[in-house]
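Read off the chains here:
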Amino acid sequence: MRTLYEVMEFLLPFSFMSSMFMKNALLGVLLVSPLLALLGTMTVNNRMSFFADALGHSALTGIALGVLLGLGNPLVSMVVFSVFLAVAVLLVKRAGTASTDTIIGVFSSSAVALGVVILSRSGGFNKYAVYLIGDLLSIRPADLLMLLVVVAVVAGLWVLVFNRLLLVSLHPSLARSRGVDVKFYEYLFGILLAVVVAVSIQWVGILIISSLLVLPAAAARNVAGNMRQYHLWAMGIALFSGVAGLFLSYFLGTASGATIVLVAAACYFATFGANRIRR
Amino acid sequence: MKKANRTNLKILGPGRQPKVRCATCGTGLCCTKVQDLDVVLGGTTILENVNLHIHCGELTAIIGANGAGKSTLLKALVGEVQHGGSISYLDEKDLHTNKPLMGYVPQKLEIDGTSPTSVYDLFAAALSNRPVWLSHSPKVREEARKGLAGVRGEHLLDRRLGALSGGEVQRVLLALALQPVPDLLLLDEPVSGIDQEGLKMFYAMVSAIREEYDLSIILVSHDLDMVARYADRVVFLENRTVQAVGPPQEVFGNPAVVERFGMGWVRDFAAGGGPDADAL
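Every value quoted in this text rests on a predicted model; they were computed, and no experiment measured them. (Residues numbered from 1 in each chain as written. Chains lettered and ligands numbered in written order. Predicted model: local features only at pLDDT ≥ 70, side-chain atom pairs only at ≥ 80, totals over all residues. Heavy atoms only, no water.)

Student: Before we move on, can you summarise the side chain of T43(A) with the specific residues and values?
Tutor: Residues and elements named next belong to chain A. Of note, T43 is situated in helix α2 (residues 20-45). Judged by relative accessible area, which is 0%, T43 ranks as buried. Leave out the neighbours within four places in its chain, and T43 touches M48, S49, A52, F189, L193 and L213. (Helix = DSSP H or I, 4+ residues; strand = E, 2+ residues; numbered from the N terminus. Buried < 20%, exposed > 50% of the residue type's maximum accessible area, 1.4 Å probe, protein only. Contact = heavy atoms within 4.5 Å.)

Student: Residues and numbers for the UniProt feature "transmembrane region" (unreviewed entry) in chain A, please.
Tutor: Residues and elements named next belong to chain A. Mapped onto this structure's residue numbering, the UniProt feature "transmembrane region" (unreviewed entry) falls at residues 78-96, 102-123, 144-167, 187-220, 232-252 and 258-277. Span residues 102-123 is 82% helix and 0% strand, its end C-alpha atoms 31 Å apart. With 88% helix and 0% strand, residues 187-220 has its two end C-alpha atoms placed 25 Å apart. (UniProt positions renumbered as here; feature names shortened; annotations may be inferred.)

Student: An account of the pattern of salt bridges is needed here, citing residue identities and associated values.
Tutor: Taken as a whole and assessed by the stated rule, the structure comprises 10 salt bridges over all chains. A salt bridge links K23(A) to E9(A), with the shortest nitrogen-to-oxygen separation between them at 2.7 Å. One end of the pair, K23(A), is in helix α2; the other, E9(A), is in helix α1 (residues 2-11), and 14 residues separate them in sequence. A salt bridge links R145(B) to E154(B); the shortest N-O distance between them is 2.4 Å. Overall, the relative accessible area of 30% leaves R145(B) in the partly exposed class. (Salt bridge = Lys/Arg side-chain N within 4 Å of Asp/Glu carboxyl O.)

Student: Explain the packing of helix α3 (residues 49-68) of chain A against helix α5 (residues 100-119) of chain A to me, using residue names and the numbers behind them.
Tutor: Residues and elements named next belong to chain A. Running from N to C, α3 and α5 point in directions that differ by 25°, and their axes come no closer than 8 Å. Here α3 is positioned roughly parallel relative to α5, judged by the angle of their axes. As for the relative orientation of α3 and α5, their crossing is left-handed in sense. Facing α3, whose interface residues are F50, F51, A54, H57, S58, L60, T61, I63, A64, V67 and L68, α5 presents D101, I104, G105, S108, A111, V112, L114, G115, V116, I118 and L119. Tallied by class, the residues present in the contact of α3 with α5 amount to 15 nonpolar, six polar and one charged. (Axes fitted to C-alpha atoms, helices over the stretch in contact; angles between N-to-C directions. Parallel < 35°, antiparallel > 145°, perpendicular 65-115°, else oblique. Left-handed = near helix turned anticlockwise from the far one by under 90°. Nonpolar A, V, L, I, M, F, W, Y, C, P; charged D, E, K, R; others polar.)

Student: Run through a nonpolar patch on the surface, naming residues and quoting values.
Tutor: Residues and elements named next belong to chain A. Residues F21, L137, L248, Y250, F251 and L252 make up a contiguous nonpolar surface patch of roughly 580 Å² in combined accessible area. Ranked by the residues each element gives to the nonpolar patch, the list is headed by helix α11 (residues 227-252), at four residues. Structurally, the position occupied by L137 is in the loop between α6 (130-133) and α7 (141-170). Assessed through its relative accessible area of 34%, L137 is described here as partly exposed. (Patch = residues over 30% accessible without salt bridge, like charges linked within 9 Å, V, L, I, M, F, W, Y side chains within 5 Å. Areas by Shrake-Rupley, 256 points an atom, 1.4 Å probe, with all protein chains shown as cover.)

Student: Give me the lowdown on the sheet that holds strand β4 (residues 84-90) of chain B, citing residues and values where you can.
Tutor: Residue and element names in this part refer to chain B. With antiparallel pairing, the three strands of this open sheet are ordered in space as β2-β1-β4. Each edge of the open sheet carries a strand with a single partner, namely β2 (44-55) and β4. Neighbour-to-neighbour, the strand axes of this sheet turn through a mean angle of 10°, independent of strand direction. When strand β1 (residues 31-41) meets β2, the two strands line up antiparallel, connected through eight bridges. Note that in β2 the partner of V40 across the bridge is T45. (Pairing = 2+ DSSP bridges.)

Student: Give a description of the interface of chain A and chain B that names residues and reports values.
Tutor: Interfaces are often sized by the accessible area lost when the parts come together. Between chain A and chain B, the contact holds 29 residues from the first and 39 residues from the second. Buried surface at the junction of chain A and chain B, both sides included, amounts to about 3,000 Å², of which 56% is carbon and sulfur. The three residues of chain A that bury the most area against chain B are N163(A), L170(A) and R178(A), which together make up 22% of that side's buried surface. Salt-bridge contacts for R221(A) lead to D112(B); the nearest nitrogen and oxygen are separated by 3.3 Å. Summed over the shared surface of chain A and chain B, the result is 14 residue pairs in polar contact (both at pLDDT 80 or more). Within the residue set of the side of chain A that touches chain B, elements represented by two or more residues are α2, α7, α8 (172-177) and α11 of chain A. Here the side of chain A that touches chain B gets nine residues from one element, more than from any other, and that element is α7(A). (Buried area = accessible area lost by both parts, 1.4 Å probe. Polar contact = N/O pair within 3.5 Å; in protein donor to acceptor, adjacent residues only side chain to side chain.)

Structure representation (structure tokens):
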């Protein structure tokens, strides 16, 4: 860890980088933003941004359950509840009785309401407000290590299963005709997304997590001509927005997550404009 | 005809393959047998008692009203919806193989115009395990290029799927369905919403494939003109099951079919005086 800090001080010899929390926050951004962008590419392909939003909102209930159970760190209950919600939505969606966005809306609003009710029981909701906007600056080395593990697992899975995820997203029957277990991959992606959202929410914030998933991928779609370019652009834009947003938030004294989202949104409009001019 | 030879065949290649006779399938070719197939979804019976022999080298068209279960039948064949009964493939030596190898051409892809999926991405995702977002494989490129050449689509390899015309997408999907060459080629209303030129080109290619390969083709279509022109056998689906099977002349002469589609030309066609009678 110390070597890493020294390298960072050497590469970024700015006074604001001398504080420990900025170094940790920068490392956090370097892990979280490409992680979300990677999953974001498929989230946008599958038109699942509303699903991701619902997963983010469900974190409130996950926290509430953690508090009820007396867990010191609500991370476990968040992950469990997030996965539960993802599986529930996919199950009901498979039954095919109502349209997907209605189902997600029902689950999402129930989860938010339940979370708020539990957390506000004794009028103490304010201490959980940090989860709404996230707090990158409080990230610690142990959290970074956990994020690193998550990034490694997701990247590994992305190498192993991406082709089949893509085929399923292009056409489920076509994928099935080529021997792909469509149901398995639908659940795999849903659960992966749920875990990543739950793990990231503490640093990014409930209100903006889906923006960080969707914006880099949406911006990349304006300029990419194939899957490789799509991923390169999405991760590049996410890294740029993450680092630029973090530095900006330091100077402006604003919430880091929201500032990052604003930079990513600017990237979206820039690529949208570039695309319009080119065509 | 060994399976090993099947992968690299070109669609519009030179010679026909010899068609070997077999005993049980009537015409003496390899065939796919569908026996007592039924599909129940959410408590509703969509299909029941469906029995079909689909012969190799033949194009079998499935017709029927909307909601008659045509697409569900294809989904059952592909294995996407659960079904009762059995689907088995008998090769030319009349031996049971496992499930028939399926090639499937869907109605359309579920993508929007901005989708950054290129034609190469589609082929590579289906043909290889090397993740398309990380690296491109020259071998897969070459395979995809060969396949596309068969549908006059080599120039489409690096284009985005979202930027192709409807006809181009269907040709790409057809080329993909033939890699590897399947036992059963399923076409689910493959040309709905395609211009006349693209439609003719597509059917001409399907027709060539039927001549070329030892495979069965099942086509779901609303386009009765094209069915009459290209199909060897027609299956009429209504009330959850097969009501009539036979050559186009026979099925289009069936009173139930005439009643369902109610078109003058159906009777004309059955009487041998239809506009397309010469083309057969």
